[in-house]
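# Survey of secondary and tertiary structure
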Amino acid sequence: MGKKHMKGKAPETVFGAFQFKKDDVLKLQIEDMGVDGEGIGKVENVTFFVKDAVVGDVVTAKVMKMKKSYGYARLLEIVEPSPYRAEPKCEFHRQCGGCQLQALSYEKQLEFKEQKVRNNLIRIGGFQDANGAMEPILGMEEPYYYRNKAQFPVGRDKEGRIVAGFYASRSHNIIPNRRCHLGDGVNERVLDIVIGFMEEFGIEPYDEATGRGLVRHVLVRKGFFTGEVMVCLVINGRSLPYREKLVSKLLDVEGMTSITLNVNERNTNVILGEELILLWGKDFITDTIGDIRYRISPLSFYQVNPVQTRRLYETALQYAGLTGAETVWDLYCGIGTISLFLAREAKMVYGVEIVGKAIENARDNAALNGIENVEFFVGKAEEVLPEFYESGREAVADSDEGDSKAGRSGDGRKVHGKDMLHPDVIVVDPPRKGCDERCLETIVKMRPERVVYVSCDSATLARDLKYLCGNGYELKRVQAVDMFPQTVGVETCVLLSRKRSTTRIEIEMDLTEADRRECIGKATYQEIADYVMEHYQAHVSRLYIAQIKRKCGLDVGEAYNKPKCENPKVPNCPPEKEKMIKEALKYFGMIK
């Protein structure tokens, strides 16, 4: 396939006897797909990346750029379509930057995403046995119309007409499209009203080149399970002319609950500003995940796919292995979505998030659901967690009752004893860049039994897992969840478990009877839990151990794990774990 297109052309890049330069036309068999969804083919062992080609295609493509060992080419013609090709719903799927995989069958999309996670775990994380931990990816029955949020830029086209749609790939050129097949049908209705209003009253769209004009973006959110609709206009100013006319028109939309303005007067690519102006209704909508109800503002981070979000959070809850006795940290907690899911089955959950407004929402959401066993802190996870750990260690060390009473951190904030410093579970759901190393270092110091890592980028996930598994943890389970069908994005939930030492040192000691009596009854809670884990591969909480010690007439301390609320719902130790704990107590000579 490689020789005839070379004749008479000056070489740009040379591979062996073959020369390639810009505008060469190649015929390629697409054998694989890259991480951004581009097709991968080879000519004379030289790799080319071809956007819009899918695995199994035979295509012709024009070389656009050559690197030292590979090149990029533009799709010209599909000579033989792949058996995995699908008919895209959207006519703009090739131009728009939102979807990369609409032309690929959904079954093959799932295979691509699962392989993407696996490859990153192996190549970046060094987990050569990743296959043993991976579970089949969770896909959707209907991989379209799943998004509960859309942000449409507004501008003018070459003919001067007001348009809204999405940016073309790698540019800020607006592709006019009011009907996105990933979103809800309400988006098109709202855009028709807003653009009609702008045309009727001469409201100018924002022009990035000049910095003039008023309306920058239209944000639409819908509660999939409540039907509530939010419209927020992002404007380059502080007021909207004829606002009452727009409100009147938008009230015709079924479910309309919130109409706001967002002020963004900066010359920036960031869509939203910090100030909201309420035009009508509430400044939030509500939606549910499972039986937890959430308030969502225009500024809130809230997963865009409610169906798959529930499956993702249920996976995280399952991996956390909660029995009602555990203390949990939830890092990068946002508006408390995962925190509240966990709190229903944990003793106490602590959430950390850098966005102050999100923490306000998290506290409101906890109150909305009557959940009291959560506490939220504002700040960077990589700063808040180490601070609490270091100052908390000092406070607990200074307290005669560190296991049962709270201390105070250096700045006066409450530190809830050893449970807070050494939680049973830490859950992290960081942004795309992953966790800061200082945060990872503190997780290792806190030595939770389990770490549950939720990630939207499997590359940074693999990097962070490599650190954690190099410092006392082991990879147990990996679940990919297709949160973003038709795109290359994929969410992943991972369970890490703290490694147990398998090294034993046997020492013969000649103990007197008095020595033996002194040792009896001195096993710690951790030693008892370790015994159960080693002999039965089961986790038992300190609460369960305390229950069985009481049952056997052993002292557990006056206020051990005393709950903070009245009439607490305390889970009882299951019979099978009671037997395990009693065997441990017998082993340590604490009972007969």
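Going by the structure above, here's the rest.
First, a word on scope: everything that follows refers to the structure included in this document. Note that residues are indexed from 1 along each chain, following the sequence as it is written. Per-residue local features are limited, in this predicted model, to residues with pLDDT of at least 70; the limit for side-chain atom pairs, both in listing and counting, is 80 or more; totals at the level of whole chains, interfaces and linings are taken over all residues. Derived side-chain values reflect all non-hydrogen atoms in the structure, with water molecules and hydrogen atoms excluded from consideration.

## Points about helix H15 (residues 575-587)
For H15, built from 13 residues, the straight-helix expectation of 18 Å at 1.5 Å per residue is met to within 8% by its first-to-last C-alpha distance of 19 Å. Exposure categories follow from relative accessible area, calculated using a 1.4 Å probe and restricted to protein chains: below 20% of the type maximum is buried, above 50% is exposed, and the middle band is partly exposed. Working definition: helices are DSSP H or I runs of at least four residues, strands are E runs of at least two. Numbering for both runs from the N terminus. Those residues of H15 that fall on the buried side of the exposure criterion are Lys 577, Glu 578, Met 580, Ile 581, Ala 584 and Leu 585. Here the buried residues of H15 occupy an arc of 160 degrees about the axis, which is enough to place them on one side. Of the residues in H15, the exposed ones pointing more than 90 degrees away from the buried face are Pro 575, Lys 579 and Tyr 587. Here the expected length of a helix is defined as 1.5 Å per residue gap, with one fewer gap than residues. Here, the arc refers to the directions that run from the helix axis to the C-beta atoms.

## Observations concerning the pairing of strand S7 (residues 70-80)
We call two strands paired when DSSP finds no fewer than two bridges between them. Across five bridges, the pairing between strand S5 (residues 46-51) and S7 is parallel. Bridged to Phe 49 within S7 is Tyr 72. Two elements, strand S6 (residues 58-66) and S7, share eight bridges in a ladder whose sense is antiparallel. Across the sheet, the residue bridging to Lys 62 is Arg 74, located in S7. Counting the residues that bridge the hairpin from S6 to S7 gives three residues.

## Side note on the packing of helix H10 (residues 437-446) against helix H11 (residues 458-469)
Each axis is a line fitted through C-alpha atoms, taken for helices only over the stretch in contact, and angles between the N-to-C directions span 0 to 180 degrees. In the contact formed by H10 and H11, the axes pass within 10 Å of each other and the chain directions differ by 35 degrees. H10 and H11 meet at a crossing whose hand is right-handed. Across the interface between the two elements, Glu 437, Leu 440, Glu 441, Ile 443 and Val 444 of H10 pack against Asp 464, Tyr 467 and Leu 468 of H11. Residues are grouped as follows: Ala, Val, Leu, Ile, Met, Phe, Trp, Tyr, Cys and Pro are nonpolar; Asp, Glu, Lys and Arg are charged; all remaining types, including Gly, are polar. Class assignment of the residues belonging to the contact of H10 with H11 gives a composition of five nonpolar, no polar and three charged. In a left-handed crossing the near helix is turned counterclockwise from the far helix by less than a right angle, and in a right-handed crossing that turn is clockwise. It only takes one pair of heavy atoms within 4.5 Å for two residues to be counted as in contact.

## Some details on the sheet that holds strand S15 (residues 275-281)
Within the open sheet, the seven strands sit side by side as S11-S10-S9-S12-S13-S14-S15. Their pairing is mixed. Each of the sheet's edge strands pairs with one partner strand only, and the pair in question is strand S11 (174-176) and S15. Recorded for the sheet is a direction-independent mean angle of 35 degrees between the axes of neighbouring strands. Bridge count for strand S9 (residues 149-156) against strand S12 (residues 215-222) is five bridges, and the pairing is antiparallel. The partner of Phe 152 across the bridge, within S12, is Val 218. Helix-sheet contacts for helix H3 (residues 186-201) involve S9, strand S10 (162-167), S12 and strand S13 (229-235), and the interaxial angle to S12 is about 150 degrees. Running at roughly 60 degrees to S15, helix H4 (residues 243-250) makes contact with S13, strand S14 (256-263) and S15 of the sheet.

## A closer look at the sheet that holds S6
Spatially, the five strands close up into a barrel ordered S3-S4-S5-S7-S6, and their pairing is mixed. Ignoring strand direction, the axes of neighbouring strands in this sheet form an average angle of 50 degrees.

## With respect to the nonpolar core
Counting residues in each nonpolar core, the largest one holds 132 residues, and the members touching the most others are Leu 233, Trp 329, Leu 331 and Ile 443. When neighbours within four sequence positions are excluded, Ile 443 is seen to be in contact with Leu 331, Leu 385, Ile 426, Val 428, Pro 448, Val 451, Leu 468 and Tyr 473. Formed by 20 residues, the second largest nonpolar core is a distinct cluster that contains Ala 529, Cys 573, Leu 585 and Ile 591. Working definition of a nonpolar core: buried Ala, Val, Leu, Ile, Met, Phe, Trp, Tyr and Cys residues. They are joined through side-chain atoms within 4.5 Å.

## Overview of the environment of Met 348
With respect to the helices, strands and loops of the structure, Met 348 is situated in strand S19 (residues 348-353). We classify Met 348 as buried; its relative accessible area is 7%. In this structure the C-alpha to C-alpha distance between Met 348 and Asn 373, which are 25 residues apart in sequence, comes to 5.0 Å.

## Looking at the packing of aromatic side chains
Within 6.5 Å between ring centres, the rings of Phe, Tyr and Trp (the latter by its six-membered ring) count as paired, and their orientation is classed by plane angle as stacked under 30 degrees, edge-to-face over 60, tilted in between. Taken as a whole and assessed by the stated rule, the structure comprises 18 aromatic pairs. Centroid distance Tyr 70 to Tyr 72: 5.8 Å. Interplanar angle 80 degrees. Geometry classified as edge-to-face. You can call Tyr 70 partly exposed: its relative accessible area is 27%. Given the relative accessible area of 34%, Tyr 72 is considered partly exposed. Members of the aromatic cluster, each reached through a chain of ring pairs, are Trp 329, Tyr 350, Phe 377 and Phe 388. Here, over-ring charges are defined by two tests on the NZ atom of lysine or the CZ atom of arginine: distance to the ring centre within 6 Å, and angle to the ring normal within 35 degrees. Looking at Lys 89, its charged tip hangs above the ring of Tyr 144, at a distance of 5.1 Å from the centre.

## Brief notes about the pattern of salt bridges
Note on pairing: side chains with opposite charge can pair once their charged atoms come close. Here, a salt bridge means any side-chain nitrogen of Lys or Arg that lies within 4 Å of a carboxyl oxygen of Asp or Glu. In this structure the tally under the stated criterion is 24 salt bridges. For the salt bridge of Asp 291 with Arg 344, the shortest nitrogen-to-oxygen distance reads 2.6 Å. Residue Asp 291 is found in the loop between strand S16 (285-289) and strand S17 (292-296), and its partner Arg 344 is found in the loop between helix H6 (337-343) and S19; the two are separated by 53 residues along the sequence. Judged by its relative accessible area of 56%, Asp 291 falls in the exposed class. Residue class for Arg 344 comes out partly exposed when judged on its relative accessible area of 36%. The salt bridge involving Asp 457 is made with Arg 432; its shortest N-O contact spans 3.8 Å. With Asp 457 in the loop between strand S24 (450-455) and H11 and Arg 432 in the loop between strand S23 (425-428) and H10, this pair connects stretches of sequence that are 25 residues apart. Here Asp 457 falls in the buried class, since its relative accessible area comes to 18%. One continuous salt-bridge network, built from bridges that share partners, spans Lys 51, Asp 52 and Arg 94.

## Observations regarding unusual backbone geometry
One non-glycine residue with positive phi stands out, namely Asp 23, at about 80 degrees. Examined against the element boundaries, Asp 23 turns out to sit in the loop between strand S2 (18-20) and strand S3 (25-33). Even without a glycine there, the phi angle at Asp 52 is positive, about 80 degrees. Looking at the secondary structure, you find Asp 52 in the loop between S5 and S6.

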